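# Structure assessment
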Amino acid sequence: WVASADRHEDFLQCLLYQNSNAISKVIYTPINSSYSSVLEFSIRNGRFNTSATPKPLVIVTPLNEAHIQAVIACSQKHGLQIRVRSGGHDYEGLSYVSVLPFVIIDLINMRTVTVDVGNKIAWVQAGATLGEVYYRIAEKSRALAFPAGVCPTVGSGGHISGGGHGMMMRKYGLAADHIIDAKLIDVKGRILDRASMGEDLFWAIRGGGGNTFGVVVAWKLELVTVPPTVTVFNVTRTLEQNATKLVHQWQSAIGKFDEDLFSRIFLSRVNTSQEGKTTILAAYTSLFLGGVDRLLSMMQQSFPQLGLVKDDCIEMSWIESTVYFASFPRNTSLDVLLDRSPGSTISFKAKTDFVTEPIPEIALEGIWERLNQLDAQAAQLQFTAYGGKMDEISETSIPFPHRAGILFQIHYAVDWDQKTASWIRKLYSYMTPYVTKNPRQAYIDYRDLDVGMNNLGNTSYKQARVWGTKYFKNNFDRLVHVKTKVDPANFFRNEQSIPPLITSW
Ligand code: FDA
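Criteria and cut-off values
- Residues numbered from 1 in each chain as written.
- Predicted model: local features only at pLDDT ≥ 70, side-chain atom pairs only at ≥ 80, totals over all residues.
- Heavy atoms only, no water.
- 1 Å grid on protein atoms, 1.4 Å probe; cavity = no way out; pocket = protein on both sides within 12 Å on 5 of 7 lines; lining within 4 Å.
- Points joined across faces, edges and corners; volume = space filled by probe spheres on them.
- Helix = DSSP H or I, 4+ residues; strand = E, 2+ residues; numbered from the N terminus.
- Expected span 1.5 Å × (residues − 1).
- Buried < 20%, exposed > 50% of the residue type's maximum accessible area, 1.4 Å probe, protein only.
- Contact = heavy atoms within 4.5 Å.
- Near = heavy atom within 4 Å.
- Polar contact = N/O pair within 3.5 Å; in protein donor to acceptor, adjacent residues only side chain to side chain.
- Areas by Shrake-Rupley, 256 points an atom, 1.4 Å probe, with all protein chains shown as cover.
- Nonpolar A, V, L, I, M, F, W, Y, C, P; charged D, E, K, R; others polar.
- Salt bridge = Lys/Arg side-chain N within 4 Å of Asp/Glu carboxyl O.
- UniProt positions renumbered as here; feature names shortened; annotations may be inferred.
- Pairing = 2+ DSSP bridges.
- Axes fitted to C-alpha atoms, helices over the stretch in contact; angles between N-to-C directions.
- Parallel < 35°, antiparallel > 145°, perpendicular 65-115°, else oblique.
- Left-handed = near helix turned anticlockwise from the far one by under 90°.
- Phe/Tyr/Trp six-rings, centres within 6.5 Å; stacked < 30°, edge-to-face > 60°.
- Lys NZ or Arg CZ within 6 Å of the ring centre and 35° of its normal.

Moving on, we come to empty space enclosed by the protein. This model, assessed by the stated rule, comprises four cavities of 30 Å³ or more. When its volume is computed, the largest cavity comes out at roughly 110 Å³. Tyr134, Gly149, Met167, Trp318 and Thr322 are, among the 14 residues lining the largest cavity, the residues nearest its centre. Looking at which element gives the most residues to the lining of the largest cavity, the answer is helix α10 (residues 318-325), with four residues.

This brings us to helix α13 (residues 418-430). Taking 1.5 Å per residue as the helical rise, α13 with its 13 residues ought to reach 18 Å, and the 19 Å between its terminal C-alpha atoms agrees with that figure. Of all the residues in α13, the buried ones are Thr420, Ala421, Trp423, Ile424, Leu427, Tyr428 and Tyr430. Considering only its buried residues, α13 is in contact with β16 (348-355), α11 (361-371), β17 (379-385) and β18 (408-415).

The next point concerns the site of the ligand. Near the ligand, the surroundings consist of 31 residues, among which Val84, Ser86, Ser95, His165 and Tyr443 are the closest. Measuring from an oxygen atom of the ligand, one finds a backbone N or O atom of Val150 at 2.8 Å. Between Tyr443 and the ligand, the recorded distance is 2.6 Å, taken from a side-chain N or O atom to an oxygen atom. For the ligand, the accessible surface in isolation is 950 Å², of which the surrounding protein chains cover 92%. Mapped by element, the contributors of at least two residues to the shell around the ligand are β3 (81-85), α5 (156-161) and β10 (215-222). Looking at the shell around the ligand element by element, the count peaks at three residues for α5. Taken together, the residues that form the shell around the ligand break down as eleven nonpolar, 16 polar and four charged.

Attention now moves to the layout of surface pockets. Reported here for the second largest pocket is a volume of approximately 230 Å³. Lining the second largest pocket, in full, are Arg47, Phe48, Pro54, Glu92, Leu94, Val97, Ser98, Val99, Leu449, Met453, Asn454 and Glu495. Here the lining of the second largest pocket is composed, by residue class, of seven nonpolar, two polar and three charged.

This brings us to the pattern of salt bridges. On inspection of all chains with the given rule, the structure shows 28 salt bridges. Close ionic contact of Glu495 with Arg83 constitutes a salt bridge, the shortest N to O distance being 3.4 Å. Of this pair, Glu495 sits in the segment after α15 (475-486) while Arg83 sits in strand β3, and the two are 412 residues apart along the sequence. Like Glu495, the residue Arg83 is buried in the burial classification. Connected through salt bridges with shared partners, the residues Arg47, Glu92, Lys349, Lys351, Arg425, Asp448 and Asp450 form a single ionic network.

With that settled, consider the environment of Tyr412. Mapped onto the secondary structure, Tyr412 falls in strand β18. Residues Tyr412 and Gly255, spaced 157 residues apart in sequence, show a C-alpha to C-alpha distance of 23 Å. Within the local environment of Tyr412, its side chain forms a polar contact with the side chain of Asp353, the two groups lying 2.7 Å apart.

On to the UniProt feature "domain: FAD-binding PCMH-type" (unreviewed entry) in the protein. As recorded in UniProt, the feature "domain: FAD-binding PCMH-type" (unreviewed entry) lies at residues 52-226. In residues 52-226, helix accounts for 26% and strand for 25%; the two terminal C-alpha atoms are 47 Å from one another.

Turning next to the pairing of strand β8 (residues 179-185). Of all the seven residues making up β8, five are buried; the element is thus mostly covered by neighbouring parts of the structure. Relative to strand β9 (residues 191-192), β8 runs antiparallel, the two being bridged by two bridges. Paired with Leu184 across the two strands is Leu192, which belongs to β9. Hairpin remark: β8 followed by β9, antiparallel, with five residues in the connecting loop; positive phi at Gly189, about 85 degrees.

A few words on the packing of helix α7 (residues 194-204) against α15. Orientation of α7 relative to α15, taken along the N-to-C sense of each, is 130 degrees, at an axis distance of 9 Å. Viewed along their axes, α7 and α15 adopt a mutual orientation that is oblique. For the crossing formed where α7 meets α15, the hand is left-handed. Of the residues in α15, those in contact with Glu199, Asp200, Leu201, Trp203 and Ala204 of α7 are Asn475, Arg478, Leu479, His481, Val482, Lys485 and Val486. Class assignment of the residues belonging to the contact of α7 with α15 gives a composition of six nonpolar, two polar and four charged.

A few words on α10. Across the eight residues that make up α10, a large majority, six, are buried. Within the sequence span of α10, burial applies to Trp318, Ile319, Ser321, Thr322, Val323 and Phe325. Just beyond α10, the residue with positive phi is Ser327, at close to 70 degrees.

Right, let's get into the packing of aromatic side chains. Throughout the structure, instances matching the rule amount to 19 aromatic pairs. A centroid spacing of 5.2 Å and a plane angle of 25 degrees characterise the contact between Tyr91 and Tyr446, whose relative ring orientation is stacked. Pair noted here: Tyr91 is in the loop between β3 and β4 (102-106) and Tyr446 is in the loop between α13 and α14 (461-472), with a separation of 355 residues, a long-range link. The buried category is assigned to Tyr91, whose relative accessible area is 14%. Among the residues examined, Tyr446 registers a relative accessible area of 14% and is labelled buried. Summarising the aromatic geometry, the rings of Tyr324 and Phe325 are spaced 5.0 Å apart at their centres and angled 85 degrees between planes, so their arrangement reads as edge-to-face. On the basis of relative accessible area, Phe325 is assigned to the buried category, the value being 14%. Ring pairing ties together the aromatic residues Tyr91, Phe348, Phe400, Tyr443 and Tyr446, which thus form one cluster. Across from the ring centre of Tyr430, 3.7 Å away, lies the NZ or CZ of Arg370, which sits over that ring. Taking NZ or CZ as reference, Arg478 lies 4.0 Å from the ring centre of Trp203, over its face.

Spelled out as C-alpha cells, the structure:
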C-alpha cells in the first residue's frame with residue numbers, strides 16, 4: 001500500500017496528465033478553501049457530517065464526460081475508490097463516505113434537462129434534481145409531467161437508479177419504469193447507450209441501485225400526461241377523532257382507490273396543548289389527477305369514513321402540486337424548485353417494510369404505544385398506498401420487485417441519536433408479524449445498512465444475497481450475472497453494491 005498522501009498526489013498528476021481540458025478547475029482537495037463547502041453542500045443526512053466521518057481525498061465536479069473518464073481511469077490506476085454523487089440524498093451517506101481511500105465524482109455541474117414536447121421525452125443529466133426536472137418540463141408544457149419522488153432536491157442520478165416513487169406511482173408506476181435510454185460510462189471508460197450496453201445492462205441500471213454498474217451521465221425519460229387541474233388535500237385525524245379505526249379502514253379501502261388517486265398517511269406523536277398533552281396524529285395526504293368533484297364522488301364510494309369535504313381540497317396545476325407537497329406555503333414561486341439547498345439538514349435513520357394484509361387495530365395501537373416512548377415529532381411513519389399501475393407491471397420488468405400484492409409501503413424515520421437508534425430497531429422487530437416475510441422486503445432508495453451489507457474487503461455472493469433479495473427478490477441473481485459481465489473486478493462498489501460472482505478483492 002502506498003501512503004494515502006502519495007497516492008492522492010499520483011492520482012492528481014494522473015488526472016492532469018489525462019485531461020488538461022479545464023479539469024484543474026473542478027478538482028478539490030482538503031487544502032483547497034472550497035473543499036468543505038463543496039463536500040457539505042450535498043450532504044442530506046447530518047449523521048454523516050461529523051469530524052469522525054471519513055472524508056474524500058479528492059472531489060471532482062466534472063463538466064463533461066471526458067472528466068468522468070479521467071477520474072475512472074486514474075482511480076483504478078492508483079487504487080482509489082469512487083463514490084458517485086448526484087443529489088447526495090443517500091440515507092446511509094454512501095455517495096460521499098467510504099472507509100477506503102476514495103474520490104467523489106460529484107455531478108452537480110452536469111444537470112442539463114432537455115425537453116422534447118412533441119415526442120414527450122426528456123434527456124436529463126444525472127446531476128439534475130427532481131425539482132429541476134419538474135420545472136424544466138412545466139416550462140415547456142403544462143400537459144406533461146414526470147412520475148418521480150416528492151422532495152425537489154433529490155438527485156435524478158441516485159433516485160432513478162433505485163426505482164424512484166412519488167405522487168403519481170399508482171397511475172404511472174416508478175420513475176425507472178419510464179427510462180427509454182441512458183448514457184453510462186463503464187469501468188473501461190466507454191460511453192454506452194442502450195444499444196451499445198445491451199438489454200441486460202440496460203435492465204440492471206433501471207432500479208438495480210447506484211454506484212454498481214458505472215456512472216450514469218444521463219437518462220432519456222418518457223414523460224406522462226397530466227390534466228390541467230389536479231386536486232390535493234391533507235386531512236388530519238387524531239386518536240380522539242377515531243384515527244385508529246380510520247387507519248385500519250384505509251388499508252381495506254386502498255384496493256378500491258382509482259389509480260388517479262395517490263394516498264399516503266403520515267403518523268406521528270404531536271403536542272395538543274401547552275401543558276404537554278400529546279396525541280397520535282394521522283395526516284392523510286393525497287394527489288388526485290383530476291378535479292375536486294370527481295375526487296369527492298370517488299372518495300364517497302371508496303373511503304367515506306374519512307369524511308372528506310370540498311373545503312379540505314385545493315385545485316391547482318400539477319407543477320404547483322410539486323411545490324405544495326414539498327411543504328412550501330401556497331403561492332410560493334415555482335422557482336423554488338430550482339433551489340438545490342434545503343433550509344436545514346437533519347440527522348436521521350430510516351427503515352422500510354412492505355405490507356400485503358391489513359394490520360389489525362390492536363397492532364396499530366402497539367405502534368402508537370411505541371411512538372409515545374419518544375418526544376413528540378421525533379419519529380414519523382409513512383404508509384404509502386401501492387396498487388393501480390404498480391400491480392400491472394411484472395416484478396421482473398426492472399430490478400424493483402415490489403409489485404402485485406403489495407398493499408402499502410411503510411417508511412419509518414426517526415431523528416438520530418443512540419436512544420432513537422435502538423427505538424427504531426425495536427419497532428422494526430415489533431412489526432415482523434405484520435409485514436412481508438422470506439424475504440422481508442425493503443426499498444433500496446430508502447437505504448438501510450441494517451438489512452445487511454458487503455465487507456468492502458471481500459464480499460461473498462452468499463453474504464450479499466442476504467440484503468440483495470430484500471431489495472430485489474429473485475432479480476438479485478440476474479443483477480449479479482450482469483455485474484459479473486460488466487465489472488468482474490468489482491471496481492464500482494459500496495456497502496450495498498451488487499457483487500460479481502468472482503472477485504479478486
Ligand atoms: P446520492 O447522490 O446520495 O446517490 C444515491 C446512490 O446512488 C449512491 O450510492 C450513489 O453513489 C449512487 N449514484 C448517484 N448518482 C449516480 C450516478 N449518476 N451514476 C451511478 N450511481 C449514482 N425516494 C423516493 O423514491 N421517493 C421520494 O419521494 C423520496 N424522497 C426523499 C426525500 C429526502 C429528503 C431524502 C433524503 C430522500 C428521499 N428519497 C425518496 C430517497 C432517494 O430516492 C434516494 O436517497 C436516492 O438514492 C437519492 O438520489 P441522489 O442522487 O439524491 O443521492
